[in-house]
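Secondary and tertiary structure notes
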Amino acid sequence: MFHGKVSQEIALGLKALRERIAAAKIPSSKIDETLNLATWNIREFGKQRRSKAAIHYIAEILGQFDVVSIVELRDDLRDLADVLQILGPYWRAIYSDMIPDPGGNRERIAFIYDKRAAVFTGLASAANPPRKKSGTEYVPEFNWWRVPYMASFSAGSFDFIAITTHIQWGTAAGRLKELEEFATWVELKSRQKNLEDKDILVTGDFNIDSPKMLDLLTAKGLMLPAGLKKQAFGTNLAKDKRYDQILHLPRYPESFMNTAGVLDFYSGGIDVLFPGMSETDFTFQLSDHLPLWAQINTDTDGFKLDQIIRAGK
């Protein structure tokens, strides 16, 4: 981390923020052994320029992880560039194009990663929906509000595709339909004959506010990591809504450690970070969502050998 020479006010804020980060008990990752994966909706990140303090705080939060999916990144990437500069020369970003219409909200999806811990392996793409022929044209069967985005990574002996989406807020009926279509798309992707990597991790803001919505998302095989399944968590500031999710297909369930949770940068008050600021303004400086994280075991050789042995019996 390269915060450099900051003001006394920012230095005090960073000290307070580090205490809140420590309270989250995020274990350190180990090269070729574990990976800290997170997902974070950074509210309208790039719509308006963040303050210098916010840039330093966002970098401090992101730096606790190895691979982070970001939603609500906007078309202006200058704030992201400033954050990456503070994170240091090992950090990289992969991001989608923005969607200019009101439904797309000029949003992008991004993956930022520390290349010492994870290597980008080549796939970066929008999630192309299946198409059916109609007359002389091929028409998409799904109509995403914001197109999901995916990228492939390798960490240790664990190769994976991370797929991230931002499901529409809109009506409950619209969300239910899009959640069902997204789960179907992930299942179809996992069955592709020449799939780039068999391990699929799903992250993002699903705007889930009912058990029925989560059931639709997990109906095709996606599952919560054990570390998140066993605990109550919320990713809004009140910590009572599970808008954001990390899920996976059950090929190597042992890959997920039992360590996962939410990094609560909000608890403890606003004033020490942004003196005199209102809660609404605070959400546009940091966010109205908390980062959700899980630790992954990337030393999977033992699991692969066990599968080969079982297959031969």
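The sections below set out a description of the structure shown in this document. Note that the structure is predicted; figures quoted are calculated from it, not measured.

As a further point, take the overall build of the protein. Helix and strand counts for the protein come out as eight helices and 13 strands. Over its C-alpha atoms the protein spans a radius of gyration of 19 Å, differing by no more than 12% from the 20 Å that the globule rule assigns to 313 residues. Taken along its principal axes, the extent of the C-alpha atoms in the protein is 60 × 50 × 35 Å. Put simply, the protein has 313 residues, and 53% of those count as buried. For the protein, the share of sequence-separated contacts (at least 6 apart) that also reach a separation of at least 24 residues comes to 75%. In the structure as shown, the protein presents an accessible area of about 14,400 Å², 50% of it carried by carbon and sulfur atoms. Averaging the locations of the 39 positively and 40 negatively charged side chains of the protein gives two centres separated by 2 Å.

A separate point is the sheet that holds strand β10 (residues 199-205). Strand order in the open sheet formed by five strands is β5-β8-β9-β10-β11, with mixed pairing between adjacent strands. Each edge of the open sheet is held by one strand with a lone partner, namely β5 (119-126) and β11 (244-248). Across the sheet, the mean angle separating the axes of adjacent strands is 20 degrees when strand polarity is ignored. As defined by bridge partners, strand β8 (residues 149-155) adjoins strand β9 (residues 158-166) across seven bridges and the pair is classed as antiparallel. Note on β9: the bridge partner recorded for A155 is F158.

Next up on the list: the packing of helix α1 (residues 8-23) against helix α2 (residues 52-62). Look at α1 against α2: their axes get within 10 Å of each other, and the N-to-C directions meet at 25 degrees. The orientation of α1 with respect to α2, classified from their angle, is roughly parallel. Two packed elements cross with a definite hand, and for α1 against α2 that hand is right-handed. Two secondary-structure elements touch here, α1 through E9, I10, G13, L14, L17, R18 and I21 and α2 through K52, A53, H56, Y57, E60 and I61. Looking at the contact of α1 with α2, its residues break down into seven nonpolar, two polar and four charged.

Where a protein is soluble and globular, its nonpolar side chains tend to be buried together. The biggest cluster of nonpolar side chains holds 68 residues, and the ones touching the most others in it are Y57, L62, I112, F153, F265 and F274. Among residues more than four places away in sequence, those in contact with F153 are V67, I94, F111, Y113, V119, F120, T121, F158, D159, F160 and A162. Within the second largest apolar cluster, 25 residues are counted, among which are I167, F182, L195 and F206.

Centre distance and the angle of the planes are the two values used to describe a pair of aromatic rings. Taken as a whole and assessed by the stated rule, the structure comprises 15 aromatic pairs. Centroid distance W40 to F265: 5.7 Å. Interplanar angle 55 degrees. Geometry classified as tilted. Taken together, the residues span a long stretch of sequence, with W40 in strand β1 (residues 34-45) and F265 in the loop between β12 (256-262) and α7 (279-285) at a distance of 225 residues. Accessibility expressed as a relative area gives 0% for F265, which makes it buried. The ring of W169 carries R175 above its face, with NZ or CZ at 4.5 Å from the centroid.

For the rest of this paragraph, the subject is the packing of helix α4 (residues 172-190) against helix α5 (residues 211-218). Interaxial distance between α4 and α5 falls to 7 Å at its minimum, and their mutual angle equals 20 degrees. As summarised for this structure, α4 and α5 are arranged roughly parallel, according to the angle between their axes. Listed contacts from α5 to A172, R175, L176, L179, E180, F182 and A183 of α4 are K212, M213, L216 and L217. Its residues assigned to classes, the contact of α4 with α5 comprises eight nonpolar, no polar and three charged.

This part is about the pairing of strand β4 (residues 107-114). Of all eight residues in β4, eight are buried, a share of seventy percent or more. Of the two faces of β4, the one holding E107, I109, F111 and Y113 and the one holding R108, A110, I112 and D114 are both buried throughout. In this sheet, β4 lies alongside strand β2 (residues 67-74) in antiparallel orientation, the contact comprising seven bridges. Looking across to β4, one finds that L73 is bridged to R108. Here strand β3 (residues 91-95) pairs with β4 via five bridges, running antiparallel. In the sheet register, A93 faces β4, and the bridge partner there is I112.

Procedures and definitions
Residues numbered from 1 in each chain as written. Predicted model: local features only at pLDDT ≥ 70, side-chain atom pairs only at ≥ 80, totals over all residues. Heavy atoms only, no water. Helix = DSSP H or I, 4+ residues; strand = E, 2+ residues; numbered from the N terminus. Rg over C-alpha atoms; globule rule 2.2 N^0.38 Å. Buried < 20%, exposed > 50% of the residue type's maximum accessible area, 1.4 Å probe, protein only. Contact = heavy atoms within 4.5 Å. Areas by Shrake-Rupley, 256 points an atom, 1.4 Å probe, with all protein chains shown as cover. Lys, Arg positive; Asp, Glu negative; His and termini not counted. Charge placed at Lys NZ, Arg CZ, Asp CG, Glu CD. Pairing = 2+ DSSP bridges. Axes fitted to C-alpha atoms, helices over the stretch in contact; angles between N-to-C directions. Parallel < 35°, antiparallel > 145°, perpendicular 65-115°, else oblique. Left-handed = near helix turned anticlockwise from the far one by under 90°. Nonpolar A, V, L, I, M, F, W, Y, C, P; charged D, E, K, R; others polar. Core = buried A, V, L, I, M, F, W, Y, C linked by side-chain atoms within 4.5 Å. Phe/Tyr/Trp six-rings, centres within 6.5 Å; stacked < 30°, edge-to-face > 60°. Lys NZ or Arg CZ within 6 Å of the ring centre and 35° of its normal.

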